[in-house]
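# Descriptive structure summary
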Amino acid sequence: MRAWTALLCAIALEVTGTLSLKVMTSGPAGPGLELILTYALLAGSYVLLSRAFRQIPVAVAFAVWEAAGLILITGLGALILGEHLTPTQLASLTALSVGAALLHHGTRHTPRPATPPAADPPRPAPALRQEPA
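Numbering of residues starts from 1 in every chain and runs along the sequence as written. Only residues with pLDDT of at least 70 are given local features in this predicted model, and only at 80 or more are side-chain atom pairs given and counted; all residues enter the totals for whole chains, interfaces and linings. For the side-chain quantities, the full set of heavy atoms in the structure was used; hydrogens and water were omitted.

## Overview of the packing of aromatic side chains
Only Phe, Tyr and Trp rings take part, Trp by its six-membered ring, and two of them pair if their centres are within 6.5 Å. Stacked means planes under 30 degrees apart, edge-to-face means over 60, and tilted covers everything else. Within the structure shown, the criterion is met by 2 aromatic pairs. Taking the centre distance of 5.5 Å and the plane angle of 40 degrees together, the rings of Phe-62 and Trp-65 count as tilted. With a gap of 3 residues between them, Phe-62 and Trp-65 both fall in helix 3 (residues 58-81), about one helical turn apart. Only protein chains enter the accessibility calculation, which uses a 1.4 Å probe. A residue is then buried if its area is under 20% of the maximum for its type, exposed if over 50%, and partly exposed in between. Since its relative accessible area comes to 39%, Phe-62 is described here as partly exposed. The numbering of helices and of strands both runs from the N terminus, where a helix is a DSSP run of H or I of at least 4 residues and a strand a run of E of at least 2.

## Re helix 2 (residues 33-52)
Taking 1.5 Å of rise per residue, the 20 residues of helix 2 would be expected to cover 28 Å, and the 29 Å separating its terminal C-alpha atoms lies within 8% of that figure. Those residues of helix 2 that sit buried are Thr-38, Leu-41, Gly-44, Ser-45, Leu-49 and Ala-52. For helix 2, the angular spread of buried residues about the axis comes to 140 degrees, placing them on one side. Opposite the buried face of helix 2, at more than 90 degrees from it, the exposed residues are Leu-33, Ile-36, Tyr-39 and Tyr-46. A helix is expected to span 1.5 Å multiplied by its residue count minus one. The directions from the helix axis to the C-beta atoms are what the arc is built from.

## A look at the packing of helix 3 against helix 4 (residues 87-106)
Helix-helix packing is characterised by the crossing angle of the two axes and by the distance between the axes. Lines fitted to the C-alpha atoms define the axes, with helices restricted to the stretch that makes contact. Angles between their N-to-C directions range from 0 to 180 degrees. Running from amino to carboxyl end, helix 3 crosses helix 4 at an angle of 160 degrees, the nearest separation of the two axes being 9 Å. Between helix 3 and helix 4, the interaxial angle falls into the category roughly antiparallel. When you trace helix 3 past helix 4, the crossing you get is left-handed. When helix 3 is examined against helix 4, the residues Ala-59, Val-60, Ala-63, Val-64, Ala-67, Leu-70, Ile-71 and Thr-74 are found in contact with a partner set consisting of Leu-93, Leu-96, Ser-97, Ala-100, Leu-103 and His-104. All amino acids are sorted into three groups, where Ala, Val, Leu, Ile, Met, Phe, Trp, Tyr, Cys and Pro are nonpolar, Asp, Glu, Lys and Arg are charged, and the leftover types, Gly among them, are polar. Looking at the contact of helix 3 with helix 4 residue by residue, the classes come out as 11 nonpolar, 3 polar and no charged. An angle below 35 degrees is treated as roughly parallel, one above 145 as roughly antiparallel, one from 65 to 115 as roughly perpendicular, and anything else as oblique. Definitions for this section: a left-handed crossing has its near helix turned counterclockwise from the far helix by less than a right angle. A right-handed crossing has that turn clockwise. Whether two residues are in contact is decided by their heavy atoms: any pair within 4.5 Å suffices.

So, in structure tokens, the structure goes:
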């Protein structure tokens, strides 16, 4: 569960950092501290994504991170920034979410144990039969 929480937080940081590139740097003064904030958000996203990789298969975590990020950034760009979405873009976003869901559904993951399994204790040697003399 912690891995999925890390992944969701990574998505939130990535979306915030990417949107801030457009919102914060479009002013007349140009980029400054805003750019540093954007880099920090994106770096935090990658750190959390790497933590998610510890328990979620890379294909699934990256697909969910990328698809959810693109869908959220595109949707928020339309809502906040007034960007227009074409039917082709909407179909692409649908395909992204279907693809990520199929990757998640089709991946079998057996969690790795945190510590290696303990070795079986050595078995005693079988007793030797002695022939009567």
